[in-house]
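# Breakdown of the fold
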Amino acid sequence: MAQIRLPRSSSPLAPVVSPVTPRAAAGAGRRAAMPRKPGILGLVLRWLDRSTQRGRLQELDDRLLQDIGVSREDALAEAKRPFWM
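Overview of the structure. (Residues numbered from 1 in each chain as written. Predicted model: local features only at pLDDT ≥ 70, side-chain atom pairs only at ≥ 80, totals over all residues. Heavy atoms only, no water.)

### Details of the packing of aromatic side chains
Definition in use: Two rings from Phe, Tyr or Trp (for Trp, the six-membered ring) form a pair when their centres are within 6.5 Å of each other. A pair whose planes differ by under 30 degrees is stacked, one over 60 is edge-to-face, and the rest are tilted. Each helix is a run of H or I in the DSSP string that is no shorter than four residues. Each strand is a run of E no shorter than two, and both are numbered from the N terminus. Accessibility here uses a 1.4 Å probe with only protein chains present; expressed as a share of the type maximum, an area under 20% marks a residue as buried, one over 50% as exposed, and anything in between as partly exposed.
What the rule picks out here adds up to two aromatic pairs. Pairing tryptophan 47 with phenylalanine 83 gives two aromatic rings, centres 5.2 Å apart and planes at 65°, and the pair type is edge-to-face. Residue tryptophan 47 is located in helix H2 (residues 40-59), and its partner phenylalanine 83 is located in the segment after helix H4 (72-80); the two are separated by 36 residues in the primary sequence. Among the residues examined, tryptophan 47 registers a relative accessible area of 28% and is labelled partly exposed. Residue phenylalanine 83 is classed as partly exposed on the basis of its relative accessible area, which comes to 34%.

### A few points about the environment of aspartate 49
Structurally, aspartate 49 can be placed in helix H2. Note: C-alpha distance between aspartate 49 and phenylalanine 83 (34 residues apart in sequence) is 8.6 Å.

See below:
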């Protein structure tokens, strides 16, 4: 795989540019019109992500829960849900 070198900017707020290959650009419209069904790996990764997020939600203190507009009861109820739901 060829490495793409981008010019360095003196500004730390310079936009990040990601290269788009012609093949990726050609398929972009097709993917937008017809979303792909996740494979088993995508499903397992989604489950893992849900489980992690719910565990972290359970660990938040009352101040942080109030900041995001979630009550302690709602956070605990969400944390108890199975990862596949």
